[in-house]
Amino acid sequence: MSRREPPRRAGMAAAAALRALAGAAIVASVSAGSATANGAFAAGPPPAATAFRPPPETAIPAGPLGREIRLGETIFRHTGTAAPHFVGNDLRCSNCHLDGGRLAGAAPLWAAWVAFPAYRSKTHQVNTFGERLQGCFHYSMNGTPPPLGSPVLVALEAYSAWLAHGAPTGARLAGRGYPHLPKPAAAPDYARGAAVFRQHCAFCHGADGQGRRAGGQVVFPPLWGDRSYNWGAGMTSIANAAGFIKANMPLGLGGSLTDRQAWDVAAFVDGHERPQDPRFTGSVAQTRAKFHASPYSMYGLTVAGHLLGAPAPK
Ligand code: HEC
Ligand code: HEC
């Protein structure tokens, strides 16, 4: 799906929503002295150099464990074809965890493996690694999570554990997750984000953000709409999206956007409609209060004249 929005009105309504967003906490918590004279942040450092390197492909062992590791890698890179029952959109795990889950600064699997079980504020529970994988199926892949202990999860666990071979257990490894950008000096701006998008992103992801296909294959993934991640996904936090984008996008030119451009384009991407949050309570306001009570979530805000989260695309 894609909504047509009159550009001028879109800009104004979005500006109001994002001012509200900034007023809440983003701007309030900016520490003095971190902004430059014109209010922009200096470009952040490149993704942390990591001390840990996952083993090369050639080190995958022979035998049953090796087969399981390879299956996990195939599922991670070709999720929709290798695990079709559990995927509800056009994404693959490796679209957001780049280089098959190896790349530091793109939420690499090796850094995650050594960090679980862990308490997660999202679930208010200590979750196992398998449960964490289920979360990305549920939200990022807009799908049905494979059961714990099922072949798909076991293969993904084998692949993740193998990538972490030799890493210290329980350590917070450099390169984990996406980089945290300094809080923006000015509220992220949807209209400025639209301009960044046209200049730096539309070429691959399409002017309508729906990505591109060639020969029945998704070559550039959709950023919003009914084939993208749903409103429960981590990427709907503009802090996560800005960190991911700053480090990794435009693909091959990670680190080239300013922090401000990354925040603005993150607000633009996450200021569009996408599949409903699976935790939807029946009311957008109540769902925002319960699961999106964060200045980084745009769910339940009115952007470009549209209340995000309602109505949900099919
Ligand atoms: C739309 C982007 C997206 C897709 C697709 C996606 N993920 Fe994620 N994933 C995220 C985000 C965002 C996080 C949270 C990162 C953070 O907290 O810094 C995350 C976190 C994780 C983590 C925990 C990382 C850590 O260090 O704690 C694992 C493991 C993971 N994903 C596995 C998967 C698997 C397996 C798939 C495919 C079934 C998948 N992801 C698909 C965006 C995505
Ligand atoms: C040169 C082509 C190219 C450009 C330009 C580009 N991307 Fe991407 N983007 C990709 C590809 C390819 C992937 C998936 C990466 C993979 O699977 O290895 C991706 C993945 C993503 C994802 C995670 C997956 C999803 O669908 O949500 C986001 C978010 C994203 N890009 C945002 C952006 C933004 C914002 C810009 C502009 C600042 C941008 N990209 C520019 C090619 C590009």
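Residues numbered from 1 in each chain as written. Chains lettered and ligands numbered in written order. Predicted model: local features only at pLDDT ≥ 70, side-chain atom pairs only at ≥ 80, totals over all residues.

**Points about the site of ligand 1**
What counts, and what does not: For each residue, a C-beta position is placed from the backbone atoms; the residue is near a molecule or strand when that point lies within 6 Å of it. Secondary structure follows DSSP: runs of H or I at least 4 residues long count as helices, runs of E at least 2 residues long count as strands, and numbering of each begins at the N terminus. Under the scheme applied here, ten amino acids are nonpolar (Ala, Val, Leu, Ile, Met, Phe, Trp, Tyr, Cys and Pro), four are charged (Asp, Glu, Lys and Arg), and all others, including Gly, are polar. What marks off one domain from the next here is an automatic or database domain assignment.
In the vicinity of ligand 1 lie 26 residues, with Cys 93, Cys 96, Cys 136, Gly 177 and Gly 234 positioned nearest. The set of elements that each furnish at least two residues to the shell around ligand 1 consists of α5 (109–113) and α6 (129–140). Looking at which element gives the most residues to the shell around ligand 1, the answer is α6, with five residues. Tallied by class, residues from the shell around ligand 1 come to 17 nonpolar, seven polar and two charged. When residues of the shell around ligand 1 are assigned to domains, at least three map to each of domain 1 (7–43 + 179–307) and domain 2 (57–163).

**So, the site of ligand 2**
Neighbouring ligand 2 are 26 residues, the closest being Cys 201, Cys 204, Pro 221, Met 249 and Pro 250. Of all elements in the fold, only α9 (202–205), α10 (238–248) and α11 (259–269) reach the threshold of two or more residues within the shell around ligand 2. Broken down by element, the shell around ligand 2 gets its largest block of residues, three residues, from α9. Taken together, the residues that form the shell around ligand 2 break down as 20 nonpolar, six polar and no charged.

**Description of the packing of α6 against helix α7 (residues 151–163)**
What counts here: To obtain each axis, a line is fitted to C-alpha atoms, and for helices this fit is confined to the stretch in contact; angles are then taken between N-to-C directions over 0 to 180 degrees. Oblique is the label for every angle not falling under 35 degrees (roughly parallel), over 145 degrees (roughly antiparallel), or within 65 to 115 degrees (roughly perpendicular). In this scheme the crossing of two helices becomes right-handed for a clockwise turn of the near helix relative to the far one and left-handed for an anticlockwise turn of less than a right angle. Residues are defined as contacting one another if the C-beta atoms placed from their backbone atoms lie within 7 Å.
The geometry of α6 relative to α7 is characterised by a closest axis approach of 10 Å and an angle of 110° between their N-to-C directions. On the basis of the axis angle, α6 is roughly perpendicular to α7. Relative to α7, the crossing made by α6 is right-handed. Together, Phe 129, Gly 130 and Leu 133 of α6 and Leu 153, Leu 156, Glu 157 and Ser 160 of α7 make up the contact between the two elements. Considered class by class, the residues forming the contact of α6 with α7 number four nonpolar, two polar and one charged.

**So, the pairing of strand β4 (residues 217–220)**
Under the convention used in this document: Here, strands pair whenever DSSP counts at least two bridges between them.
Note that strand β3 (residues 212–214) and β4 share three bridges and pair antiparallel. Pairing of Arg 213 across the sheet is with Val 218, part of β4. In sequence, β3 turns back onto β4 through a hairpin of two residues, with Gly 215 there showing a positive phi of about 55°.

**A short note on the nonpolar core**
Applied cut-off: Each nonpolar core reported here comprises buried Ala, Val, Leu, Ile, Met, Phe, Trp, Tyr and Cys residues connected via C-beta atoms within 7 Å. For the exposure call, what matters is how many other C-beta atoms sit within 10 Å of a residue's own: 20 or more marks it buried, 12 or fewer exposed, and in between partly exposed, using C-beta atoms placed from the backbone.
Grouped together as the largest cluster of nonpolar side chains are 68 residues, with contacts concentrated most on Ile 238, Ile 245 and Ala 266. Listed by contribution, the elements that provide at least two residues to this core are α2 (63–77), α5, α6, α7, α8 (190–200), α10 and α11. Counting residues per element, this core draws most heavily on α7, which supplies eight residues. Each of domain 1 (7–43 + 179–307) and domain 2 (57–163) gives at least three residues to this core. For Ile 238, the residues in contact, after removing those within four places along its chain, are Pro 188, Trp 263, Ala 266, Ala 267, Asp 270, Tyr 296 and Met 298.

**Side note on the packing of α8 against α11**
Relative orientation of the contacting elements α8 and α11 amounts to 100°, with a least axis distance of 7 Å. If you check the angle between α8 and α11, you find them roughly perpendicular. Together, Tyr 190, Arg 192, Gly 193, Ala 194, Val 196 and Phe 197 of α8 and Gln 261, Asp 264, Val 265, Ala 267 and Phe 268 of α11 make up the contact between the two elements. For the contact of α8 with α11, a count of residues per class yields seven nonpolar, two polar and two charged.

**Points about unusual backbone geometry**
For the peptide bond that leads from Phe 116 to Pro 117, omega is 0°, which places it in the cis range. Secondary-structure assignment places Pro 117 in the loop between α5 and β1 (118–120). For the bond from Met 249 to Pro 250, the omega torsion is -10°, close enough to zero to count as cis. Inspection of the secondary structure assignment puts Pro 250 in the loop between α10 and α11. Phi is positive for Asp 99, which is not a glycine, with a value near 55°. With respect to the helices and strands, the residue Asp 99 is situated in helix α4 (residues 98–101). Despite not being glycine, Ala 304 has its phi angle at roughly 55°, a positive value. Locating Ala 304 in the fold gives a position in the loop between β5 (302–303) and β6 (306–307).

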